[in-house]
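Per-entry structural report
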Amino acid sequence: MADEQPTNAKHNAGFHLGRFLRNLAIVVALIGAGIWVWDQYVKDQVIIRNYGVVTDGEIYRAGRQSNRTMRKLHNQHDIKTIVDLGAFVRGSERENQMEGIADELGIERHRFDLEGDATGNPNDYVAALRLMADESNYPMLVQCGAGAQRTTLAVLLYRRIVEGKSFEEAYPEAFKHEHDPEDDWILLTYLAEHYDEIRTAFENETWIEGYPLPRDYWVGGPEADRAAAERDDDAAPVSDDGA
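Residues numbered from 1 in each chain as written. Predicted model: local features only at pLDDT ≥ 70, side-chain atom pairs only at ≥ 80, totals over all residues. Heavy atoms only, no water.

1. With respect to the overall build of the chain
- Counting secondary structure elements, the chain contains eight helices and five strands.
- Secondary structure of the chain in N-to-C order comes out as α-β-β-α-β-α-β-α-β-α-α-α-α.
- Counting every position in the chain, which comprises 243 residues, the buried fraction comes to 44%.
- In the chain, 70% of the contacts between residues at least 6 apart in sequence involve partners at least 24 apart. (Helix = DSSP H or I, 4+ residues; strand = E, 2+ residues; numbered from the N terminus. Buried < 20%, exposed > 50% of the residue type's maximum accessible area, 1.4 Å probe, protein only. Contact = heavy atoms within 4.5 Å.)

The following block contains the structure:
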């Protein structure tokens, strides 16, 4: 009988260790699941996504917003205008919700259809710059899906063309808003390709030839341009991939 005690003790110790490890695995899995649910479904409902200040009291930037966080932004900054570079897919439930909350809060919303990697119709950036440079639109929110690419490029263009800062001064701001030049190099390629024509169109109050006029933008200008924009409406691209 005495000879069996060490064996039983070893067995019991092994049994408890196995139970501990199983419980630990369950706890880790539950924590992981909780983090995933928070990140995918809860966080953006309570925290303003990728928020930043471009010019305090005038222009703010962010990713796509829920109704709750849009109200929070409006309460904090009395947002008057939204420049939406494509936060949601046109016609989707979330797009309709954003339009509804903007109407409820009395916010003027301008919607563009740029791609998640910041590419797309360069006339959309011309229009966004005109809105961003117009003080009558302040306080303003500039947003896209993640607030990392399209919003970053719009702000970068604003810093360079409107404020007169160099790209070397303006570009580091992007790193604070989830832009990675190694992964997101397409933005820089697009900027190099279209910067001159975007700047020229903005400064000369014209549009870039060969591209459609923006679908949902209108601030002043000849009625012929408005009619042209309406004619191009059906041909404009519809895209959204969350960046």
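2. Here's the deal with helix 7 (residues 185-204)
- Between its first and last C-alpha atoms helix 7 spans 29 Å; for 20 residues at 1.5 Å apiece the expected length is 28 Å, and the two agree.
- Along its length, helix 7 shows its largest kink, about 55°, at His-194.
- All of the buried residues along helix 7 are Leu-187, Tyr-190, Leu-191, His-194, Tyr-195, Ile-198, Ala-201 and Phe-202.
- In this structure, the buried residues of helix 7 make contact with helix 4 (122-133), helix 5 (150-162) and helix 6 (167-170).
- Remark: Glu-205 follows helix 7 within two positions and exhibits a positive phi of approximately 55°. (Expected span 1.5 Å × (residues − 1). Bend = angle between axes of the 7 residues up to and from the residue.)

3. A short note on the environment of Pro-214
- Here Pro-214 is to be found in the loop between helix 7 and helix 8 (223-231).
- In this structure Pro-214 comes out as buried when scored by relative accessible area, which is 2%.
- Between the C-alpha atoms of Pro-214 and Asp-124, which are 90 residues apart in sequence, the distance is 5.5 Å.

4. Observations concerning the nonpolar core
- The biggest cluster of nonpolar side chains holds 38 residues, and the ones touching the most others in it are Val-83, Leu-85, Tyr-125, Val-142, Leu-153, Leu-157 and Ile-198.
- Of all elements in the fold, only helix 4, strand 5 (140-143), helix 5 and helix 7 reach the threshold of two or more residues within this core.
- Beyond its immediate sequence surroundings of up to four residues, Leu-153 is in contact with Ala-118, Tyr-125, Leu-187, Tyr-190 and Leu-191.
- With 15 residues, the next largest nonpolar core counts Leu-73, Ile-82, Ala-87 and Phe-88 among its residues. (Core = buried A, V, L, I, M, F, W, Y, C linked by side-chain atoms within 4.5 Å.)

5. A short note on the pattern of salt bridges
- Taken as a whole and judged by the stated rule, the model has twelve salt bridges.
- We note a salt bridge from Arg-71 to Glu-104, for which the minimum N-O separation is 3.1 Å. With a gap of 33 residues between them, Arg-71 in helix 2 (residues 67-77) and Glu-104 in helix 3 (residues 93-105) connect regions that are remote in the sequence.
- Residue Glu-104 is classed as exposed on the basis of its relative accessible area of 52%.
- The closest approach of N and O atoms between Arg-199 and Glu-203, which form a salt bridge, is 2.8 Å. One end of the pair, Arg-199, and the other, Glu-203, are both in helix 7, four residues apart, so they sit about a helical turn from each other.
- Judged by relative accessible area, Arg-199 falls into the partly exposed class, the value being 23%.
- Connected through shared salt-bridge partners, Asp-84, Arg-90, Glu-95, Glu-99, Arg-109, Arg-111, Asp-113 and Arg-215 make up one network. (Salt bridge = Lys/Arg side-chain N within 4 Å of Asp/Glu carboxyl O.)

6. Quick word on the packing of aromatic side chains
- Per the counting criterion, the structure on display carries four aromatic pairs.
- Judged by centre distance (6.3 Å) and plane angle (10°), the rings of Tyr-51 and Tyr-60 are stacked.
- Classification of Tyr-60 as buried rests on a relative accessible area of 3%.
- The interplanar angle of 75° and the centroid separation of 5.2 Å between the aromatic rings of Phe-167 and Tyr-195 together place this pair among those described as edge-to-face. With a gap of 28 residues between them, Phe-167 in helix 6 and Tyr-195 in helix 7 connect regions that are remote in the sequence.
- Using a relative accessible area of 12% as the deciding quantity, one classes Tyr-195 as buried.
- For Arg-130, the ring lying beneath its charged end belongs to Trp-207, and the centroid distance is 4.3 Å.
- For Arg-160, the ring lying beneath its charged end belongs to Phe-167, and the centroid distance is 5.8 Å. (Phe/Tyr/Trp six-rings, centres within 6.5 Å; stacked < 30°, edge-to-face > 60°. Lys NZ or Arg CZ within 6 Å of the ring centre and 35° of its normal.)

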